[in-house]
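Fold and geometry: a report
Below, each chain spelled out in residue letters.
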Amino acid sequence: MDKAREENLFSDIIFAVVGQGANALNIQLGIAQSMGMTLENMVLPNARANTISTTLSKAQKKTLVILDDIWEDISLEDLGVSNKNVCQVILISRDSTILDGADEVYKLYTVYETEALDFFMKRVGKCIDDEALVNDVVSECNGLPLALAVVARTLKGNTHKDNWRGALRQLKTSNPVDIPKVLAEVYNSIKLSYDFLENEHARDIFLLCSLYPENYSIPVEDLVSYCIGLGTFEHLDELRETRERTSLVLTMLQHRSLLLECHYENYVAMHDIVRDVAIYIASKEGRVDCNIGTTSWLRENSSTNCTWISSFLAKRVQPPRRLEFPNLRLLFSREIGEKKIEMDESFFEGMSMLNVVSITSTSLRSLPQSMQMLKHLRTLVLFDCKSLKTMSIVGELSNLEILRCQLCPSIEEFSIEKGGLRCLKLLEFTSCEKLKRINSGLISGLVELEELNIVKSFDEWGVEDDNGKERNNASLDELQFLSNLTSLQIDVRSCNLAGQDFNLPRNIVSYDIRIGSIRRDAESDELGRKMHLDLSSDAPLGNWVHSFLRNTETLNLQGEFANNLDLSELEKVKWLQVKMCSRMKTLVQIAQPTDWSSGVLPTLEVLILIKLPNFEGICEGAIPEWSQSFRKLREIRLQNLPQLKHLWKQNQNVSLCNIAIIGVLKCRSLRNLGSLQMYGHLRLSEVDIVNCIEMEEVLVNTEHDGTSRHIAFPALEDLTLRKMPKLTTFCRGVEGIEFPVLKSFETGYCKEMTSFVSSTLDHDHDEDSLHLFCKAEVSFGSVTQLRILGHNDHRKIWCQHQISFDFFRGLEVIQIDGFINIESLFSPSIAANLIKLEQLEIYNCSKAVNVIEGKDEVLETCLFPKLRFITLHGLYALKCFWECTYDVELPSLEVVIIGGCTLLENFTLGPISTPKLISFNFADQEDKLDLNALVKQLYDGCSMSMEERIASAQRHEGEEMDAEGQWSEGSGDTDEILDESSENDGREKDEEQDPNKHGEEEGEEKDPNNQGEKEN
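Residues numbered from 1 in each chain as written. Predicted model: local features only at pLDDT ≥ 70, side-chain atom pairs only at ≥ 80, totals over all residues. Heavy atoms only, no water.

Points about the overall build of the chain
- Along the backbone of the chain there are 19 helices and 47 strands.
- Each of the 1016 residues in the chain was classed as buried or not, and the buried ones make up 54%.
- Pairs at least 24 residues apart make up 68% of the contacts formed inside the chain by residues separated by at least 6 positions.
- Counting only carbon and sulfur atoms, one obtains 45% of the accessible surface of the chain, whose full area is about 44700 Å². (Helix = DSSP H or I, 4+ residues; strand = E, 2+ residues; numbered from the N terminus. Buried < 20%, exposed > 50% of the residue type's maximum accessible area, 1.4 Å probe, protein only. Contact = heavy atoms within 4.5 Å. Areas by Shrake-Rupley, 256 points an atom, 1.4 Å probe, with all protein chains shown as cover.)

If you want it as structure tokens, here you go:
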């Protein structure tokens, strides 16, 4: 799969795990998730299949679909992946009979003896000096990669021969007679690693992971909750310590190859073979009954003496009214189909010793009355219980330590009798949107509470009125009585509550506080010290807010009075975003150099400023040379700052030696990003500047010694310069510039930019620099993506007599848009050097007669050997792609899209071979396509005569010039020039343009196991 990505063989690679008992819905959800799309609004299977098929057909080339771990026959047509013209499907199964209908079947064999030894040695590292003993251990793994990896990681770092001999004896031990055949070859290897685990804690957590279905993304926080409930780390007093210890164990299990890393943060995974062995081990130890994907709630041979039960049901079933499991300590009950679990009121009567209960997708409106009998219950987890409204019965659970409710949108109230839940250490309500009432005094009575997480749920904290009338809801000042509190996540709807004064517990080390209507915008979901403040009023902040601000690492700030906040108290902030504050003119005021004795924001790493209409500069006042100001800043993003002219002024000595990313959008008054010397060692890796209409250069060299006249950007990989009509050069005051690792370059609508360098500090036009890529003073590494837009004054793109052909040999993507005066785009010699080109897009070049100039120049090499995708649009004078009469082959071409090329009659004048062409204007064809014939047919149905088509082309050419004679931007560029009169101050527009937005709306849960979509 990695090799397919490296060689760019497919438009995309979709990976979905099927597993045992999977239905079409879950498989489709897995495919959709891998494609980055959602099917949550689609009820009918055919509608989901059609959506998947249609999306695949729009890809630029074929998509590789991999369906792993198939246990029974599946219909590719029902899933939407049966069209061989748009996708190639790989099915993976342990049972070869399931693959009988496949076009080709490949059997994966074990590795050879020498390969097995190499594989083993790479993982075991430093080893004993007994080659024969090592070979014997490797031999017992039977060439199975999983067994080799597990055993190698088990013995890693173990240099005692006795331990290796013991491991060898165990590997040679006969398998249990009742072991399933599919596990027989790896059982001893995995059992060896299990037995070698250092302690019972690690073995317990390993077996806990096996209680989840195959290919499940296992939440680490679940495991922490279960360890607390089971008393796995009984000697640890604090939740934080248990979480840290659990994390260490999980890391160790991953290093032993008993667990796998997961694509999602704070999740782990388990290989299905390892899981099956773990279930077998746990069953033999008499502790587990694991029932996955069946139609009965428990297996017929379930032992009443087992201590753990995991029941993941594929269909709706009615559990027995009463179950007798006197030794049961842990119960998982989760629905993995489309229906919900039901429970009788007496359900828990025979399970009085339960310590952990985890229920997902119940149809209950209230918890069973028999739950109050669970006096030993320490952990209760409720997930996706959409009908659950009341849960007052939990107040009877006197020993409960963990209560977590997630995605339970019908819960309206949380109230218990005074004095209840006095042992509770963690209380969580996440995405319980209807929760509006928590009893006053309830939270202050949770005297043992260590972690309080109420997010996207209750936010109407109570406050006394002017007459001292008692409040109905829990209030913020109740927090001061929680002396053990270490972690706090809450939402506060009313901005006025930020002005309250009360003392916070001193033990709080992590928090995520949101006040007002502000979104939670931050880089990571990992809990640290975060605040999101909506300062829409000028009321002073209370001491509890200031107490948090002093230690805050992530601050998200918005509102008209955000400028009132004194940033000098942000002693530890690393990530700062400020947006939508018309009063803010500067971020920091420096009246005296001593005001910031340790430097201005010396810990800041990321700065984001959005929609500050009167913002004039980051700092106001002098910054001395000895200052450590902004020394750690690595990323800065600016958007919609129309009054900003300079980032820093001349009397502000700032050294941005760690800056890597700069993004600037719609800062119409900004002239440049400052002096070259300000950026220290030039560690910039990404520069993206768009719609800064006054910018004349990006950087300026203010020193004139010999060493500073030639510069290099050794880390710059992505450079975008677009919509800057006054930009003339990238760096003024230098004579030479190098971009050794530049991969992607885009320039658009920068009509005055003629060179990357200018050797003088004045703005005299350099008559010799008419082309960006032909100057000897500018050196590029291997640019792979090149986009050039809107240079309508130029008659040629390339200065072919001066530009090096090496520049073209690495290009993989070329997009040209808006060159209305050029007649052709490439000479044959340039075309011959585009040996890696895969994607060619040309838009709105209305005078271009052909793409490759010349007629019958013979190329010594194959034309575009890797080209797969061509788009030609708005080339109204185009008659032919290349006017050559001899045979031409485009061996890799798969997709051709042509539009608005009304004079086009032939692709070439001679025969053309396109053996892999599968799509012409997205019209999928089963037979091999004749590209010249398709081009001729393209406009055959047009009723216009040739004269009318020429007139139409001329009319289109005229329409493409706007009233001021400027090129109207085409399909290659979608950003709009900011119109002051139409600027929208609303939140919706702001979020649309938010550079920090990563595609996740607040309130959307990242659920790798597709929970919560099942109802559809």
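After that view of the structure, there is still more to cover.
Considering the packing of aromatic side chains
- Under the defined criterion, the tally for this structure stands at 27 aromatic pairs.
- Aromatic side chains phenylalanine 458 and tryptophan 461 sit 5.1 Å apart centroid to centroid with 70° between the ring planes, which places their arrangement in the edge-to-face category.
- Taking the centre distance of 4.5 Å and the plane angle of 5° together, the rings of phenylalanine 881 and phenylalanine 907 count as stacked. Taken together, the positions of phenylalanine 881 in strand E41 (residues 880-882) and phenylalanine 907 in strand E44 (residues 906-908) put the pair 26 residues apart, joining distant regions of the chain.
- Phenylalanine 907 gets classed as buried once you look at its relative accessible area, which sits at 1%.
- The rings of Phe713, Phe730, Phe739, Phe745, Phe756, Phe780, Phe807 and Phe808 are connected pair by pair, giving a single aromatic cluster.
- Note that arginine 123 overlies the ring of phenylalanine 119, its terminal NZ or CZ placed 3.6 Å from the centroid. (Phe/Tyr/Trp six-rings, centres within 6.5 Å; stacked < 30°, edge-to-face > 60°. Lys NZ or Arg CZ within 6 Å of the ring centre and 35° of its normal.)

Describing unusual backbone geometry
- If you check the backbone angles, methionine 580 has positive phi at about 55° while not being a glycine.
- Backbone geometry at phenylalanine 864 places phi at a positive 45°, although glycine is not the residue there.
- Secondary-structure assignment places phenylalanine 864 in the loop between strand E39 (850-852) and strand E40 (869-873).
- Phenylalanine 864 sits in the buried class, given a relative accessible area of 0%.

So, the pairing of strand E11 (residues 379-383)
- Counting buried positions over the 5 residues of E11 gives 5, a clear majority of the element.
- Bridge count between strand E10 (residues 356-360) and E11: 5 bridges; the pairing is parallel. Directly across from threonine 360, in E11, lies its bridge partner phenylalanine 383.
- Here E11 pairs with strand E12 (residues 402-406) via 5 bridges, running parallel. The residue of E12 that forms the bridge with valine 381 is arginine 404. (Pairing = 2+ DSSP bridges.)

Topic: the packing of helix H10 (residues 200-209) against helix H12 (residues 239-255)
- At a closest axis distance of 10 Å, the pairing of H10 and H12 adopts a crossing angle of 75°. The angle between H10 and H12 places the two elements in the roughly perpendicular class. On the side of H10, the interface is formed by Ala202, Ile205, Phe206 and Cys209, while H12 contributes Thr246, Val249, Leu250, Met252 and Leu253.
- Within the contact of H10 with H12, the residues separate by chemical class into 8 nonpolar, 1 polar and no charged. (Axes fitted to C-alpha atoms, helices over the stretch in contact; angles between N-to-C directions. Parallel < 35°, antiparallel > 145°, perpendicular 65-115°, else oblique. Nonpolar A, V, L, I, M, F, W, Y, C, P; charged D, E, K, R; others polar.)

What about the nonpolar core?
- Of all hydrophobic cores here, the largest spans 194 residues; its most connected members are Phe414, Leu587 and Phe756.
- If one sorts the elements of this core by residue count, helix H14 (residues 543-549) sits on top with 4 residues.
- Apart from the residues within four sequence positions on either side, phenylalanine 414 is in contact with Met391, Val394, Leu403, Leu421, Leu427, Phe429, Leu435, Arg437, Ile438, Asn439 and Leu442.
- With 73 residues, the next largest nonpolar core counts Ile128, Val150, Leu250 and Ala278 among its residues. (Core = buried A, V, L, I, M, F, W, Y, C linked by side-chain atoms within 4.5 Å.)

Some details on the sheet that holds E41
- Here we have 3 strands laid out as an open sheet, ordered E39-E41-E44, and parallel in their pairing. Looking along the sheet, the strands with just one partner apiece sit at the ends: E39 and E44. Along the sheet, successive strands turn relative to each other by an average axial angle of 5°, direction set aside.
- In terms of strand pairing, E39 meets E41 through 2 bridges, oriented parallel. Paired with asparagine 850 across the strands is cysteine 880, a residue of E41.

So, the confidence of the model for the chain
- Residues at a pLDDT of 70 or more form 79% of the chain, whose mean pLDDT is 80.
- No element of the chain has a lower mean pLDDT than helix H19 (residues 987-992), at 37, and none a higher one than strand E14 (residues 426-430), at 97.
- Below pLDDT 50 for its whole length, residues 760-770 participates in 20 contacts with residues either more than four positions away or in separate chains.
- Throughout residues 957-1004 the model reports pLDDT below 50, and contacts reaching past four residues in sequence, or to other chains, amount to 102 contacts. (pLDDT = per-residue confidence, 0-100.)

Quick look at the state of the cysteines
- Considering all chains together, one arrives at 0 disulfides under this definition.
- Take cysteine 750: it sits in no disulfide, and the sulfur closest to it among the cysteines is that of cysteine 692, at 9.9 Å. (Disulfide = S-S within 2.5 Å.)

Observations regarding the pattern of salt bridges
- One pass over the structure, following the stated rule, counts 29 salt bridges.
- In this structure, the salt-bridge partner of arginine 634 is glutamate 605, at a minimum N-O distance of 3.3 Å. With arginine 634 in the loop between strand E24 (617-620) and strand E25 (635-639) and glutamate 605 in the loop between strand E22 (586-589) and strand E23 (606-610), this pair connects stretches of sequence that are 29 residues apart.
- With a relative accessible area of 31%, arginine 634 lands in the partly exposed category. (Salt bridge = Lys/Arg side-chain N within 4 Å of Asp/Glu carboxyl O.)

Examining the packing of helix H11 (residues 220-230) against H12
- Orientation of H11 relative to H12, taken along the N-to-C sense of each, is 120°, at an axis distance of 10 Å. Regarding H11 and H12, the two cross each other, and that crossing is right-handed. Mapping the contact onto sequence places Val220, Glu221, Leu223, Val224, Cys227 and Ile228 in H11 and Leu239, Thr242, Arg243, Thr246 and Leu250 in H12.
- Here the contact of H11 with H12 is built from residues that sort into 7 nonpolar, 2 polar and 2 charged. (Left-handed = near helix turned anticlockwise from the far one by under 90°.)

Some words on the pairing of E12
- Counted residue by residue, E12 has 5 buried out of 5 residues, so it is predominantly covered.
- Both faces of E12 are covered, namely the face carrying Ile402, Arg404 and Gln406 and the face carrying Leu403 and Cys405.
- Bridge analysis of E12 against E14 gives 5 bridges, and the strand direction is parallel. For isoleucine 402, the partnering residue across the bridge sits in E14 and is leucine 426.

Structural notes on the environment of proline 145
- Among the secondary structure elements, proline 145 is positioned in helix H7 (residues 145-155).
- The spacing of proline 145 and phenylalanine 119 is 26 residues in sequence and 7.9 Å in space, taken between C-alpha atoms.

Notes on the environment of lysine 572
- Residue position: lysine 572 is located in the loop between strand E20 (554-558) and strand E21 (575-579).
- According to the relative accessible area criterion, lysine 572 is partly exposed, its value standing at 37%.
- Taking C-alpha positions, lysine 572 is 8.8 Å from threonine 554, a pair spaced 18 residues apart along the chain.
- When neighbours within four sequence positions are excluded, lysine 572 is seen to be in contact with Arg529, Arg550, Asn551, Thr552, Glu553 and Thr603.
- A distance of 3.2 Å separates the side chain of lysine 572 from the side chain of asparagine 551, its partner in a polar contact. (Polar contact = N/O pair within 3.5 Å; in protein donor to acceptor, adjacent residues only side chain to side chain.)

Remarks on helix H6 (residues 131-139)
- Among all positions of H6, only Leu133, Val134, Val137 and Val138 are buried. Buried residues in H6, looked at end-on, bunch into an arc of 140°, giving them a common side. (Arc of directions from axis to C-beta.)

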